[in-house]
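Chain by chain, the residues:
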Amino acid sequence: MDKVKIEFKVNNKEVIIETYPWKTLLGVLRDELGLTGTKEGCGKGECGACTVILNGRAVNSCLVLAVNLEGCEVLTIEGISQKNKLHPIQESFVKKGAIQCGFCTPGMVMSAYALLQKNKNPSIEEIKEAIAGNLCRCTGYTKIIEAIKEAAK
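Parameters at a glance
- All residue numbers refer to position in the chain's written sequence, counted from 1.
- Two thresholds apply to this predicted model, a pLDDT of at least 70 for residue-level local features and 80 or more for giving and counting side-chain atom pairs, whereas whole-chain, interface and lining totals are computed over all residues.
- Calculated side-chain values reflect all of the structure's heavy atoms, with hydrogen atoms and water omitted.
- What makes a nonpolar core is a set of buried Ala, Val, Leu, Ile, Met, Phe, Trp, Tyr and Cys residues whose side-chain atoms join them at distances within 4.5 Å.
- Each residue gets one of three labels from its accessible area relative to the maximum for its type: buried under 20%, exposed over 50%, partly exposed in between, using a 1.4 Å probe on protein chains only.
- Secondary structure elements follow DSSP: runs of H or I of four or more residues count as helices, runs of E of two or more count as strands, with numbering from the N terminus.
- Two residues form a contact once any of their heavy atoms are found within 4.5 Å.
- Strands pair, by our definition, only if DSSP identifies at least two bridges between them.
- For every element, the axis is a line fit to its C-alpha atoms; helices are fit only across the contacting stretch, and the angle between N-to-C directions ranges from 0 to 180 degrees.
- Patch membership requires more than 30% relative accessible area and the absence of a salt bridge. Residues of like charge join within 9 Å; the nonpolar side chains Val, Leu, Ile, Met, Phe, Trp and Tyr join within 5 Å.
- Calculation of accessible area relied on Shrake-Rupley with a 1.4 Å probe; when residues are assessed, cover is drawn exclusively from the protein chains displayed.
- In the sections that follow, a salt bridge refers to a side-chain nitrogen of Lys or Arg positioned within 4 Å of a carboxyl oxygen of Asp or Glu.
- The charge count includes Lys and Arg as positive and Asp and Glu as negative, but it does not include His or the ends of the chains.
- Where a charge lies is defined by one atom per residue type, namely NZ (Lys), CZ (Arg), CG (Asp) and CD (Glu).
- For the purposes of this analysis, a disulfide is any pair of cysteine sulfur atoms at a distance within 2.5 Å.

> Residues and numbers for the nonpolar core, please.
Counting 23 residues, the largest nonpolar core has Ile80, Ile89, Phe93, Met108, Ile144 and Ile148 as its most contacted members. Counting residues per element, the ones that place at least two in this core are helix H2 (77-80), helix H3 (88-95), helix H4 (105-118) and helix H6 (142-152). Here this core gets eight residues from one element, more than from any other, and that element is H4. In this structure, Ile80 is in contact with Leu75, His87, Gln90, Val109, Met110 and Tyr113, ignoring residues within four places of it in sequence. Residues Ile6, Val10, Val52 and Val74 belong to the second largest nonpolar core, which totals 17 residues.

So this is what it looks like as structure tokens:
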């Protein structure tokens, strides 16, 4: 099967890649662009470890085919920090101890980022809904919810 040329933005930078039509956004980010902050968990869209922002929405990058990226804008965990400084959401996760093994953290942060872009002061129920697609086996979610609430301030 022939590769296809795709032009899109990642973390505010224009990229042009040639990749196979069956390749996912997750595969392109990790394998072709070297952006390994986005994690591969289940590969089925069930765990949220691979969450990125695509055209302003939180999505599971393992479910998005690269051929659908033409003209799109993607924001990854690497793209939310500012000049080597953690984003306030990342700082809040650290401060509140909302990270343990850290595997789910990039996806959680990106889901929180998408929520806070739309809703500057979410309720606890809105936070729970926003991270409902992100699984964590370590924290029990309480500290994650507290961190997102703190970041909203």
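> Explain the pairing of strand S3 (residues 51-54) to me, using residue names and the numbers behind them.
Here S3 shows two buried faces, one formed by Thr51 and Ile53 and the other by Val52 and Leu54. Note that S3 and strand S4 (residues 57-60) share four bridges and pair antiparallel. Opposite Val52, over in S4, you have Val59 as the bridge partner.

> Outline the sheet that holds strand S1 (residues 4-10), listing residues and values.
Taken in spatial order, the five strands of this open sheet run S2-S1-S5-S3-S4, and their pairing is mixed. Both edges of this open sheet fall to strand S2 (13-19) and S4, since each of them pairs with a single strand only. Averaged over all adjacent pairs, the angle separating strand axes in this sheet is 40 degrees, with direction ignored. Here helix H1 (residues 25-32) sits on the sheet and contacts S1, S2, S3 and strand S5 (73-75); the angle it forms with S2, its principal contact strand, is near 100 degrees. H4 contacts S3, S4 and S5 of the sheet and is inclined by roughly 35 degrees relative to S3.

> So what's going on with a negative patch on the surface? Residues and values would help.
Residues Glu7, Glu14, Glu70 and Glu73 make up a contiguous surface patch of negative charge. In this structure, Glu14 sits in strand S2.

> Before we move on, can you summarise the state of the cysteines with the specific residues and values?
Counted under the stated rule, the structure contains zero disulfides. With no disulfide of its own, Cys50 lies 3.7 Å from the sulfur of Cys62, the closest cysteine sulfur. Free cysteine: Cys138, not disulfide-bonded; nearest cysteine sulfur from Cys101 at 3.8 Å. Residue Cys138 is classed as partly exposed on the basis of its relative accessible area, which comes to 34%.

> Describe the environment of Ile6, and please don't skip the residues or the numbers.
Tracing the chain through its elements places Ile6 in strand S1. Taking the relative accessible area as the measure of exposure, Ile6 reaches 2% and is therefore buried. Residues Ile6 and Cys72, 66 residues apart in the sequence, show an inter-C-alpha distance of 9.8 Å. Not counting residues up to four positions away in its chain, the partners in contact with Ile6 are Val15, Ile16, Ile17, Thr19, Ala66, Val67, Leu69 and Glu70.

> Give a description of the pairing of S1 that names residues and reports values.
Sheet topology places S1 next to S2; seven bridges connect them, and they run antiparallel. When the sheet's bridge partners are listed, Phe8 is paired in S2 with Val15. Hairpin connection from S1 to S2: two residues lie between these consecutive antiparallel strands, with Asn11 at a positive phi of about 50 degrees. Across two bridges, S1 lies against S5 in parallel orientation. Residue Val10 lies in a different strand from S5, and its bridge partner there is Val74.

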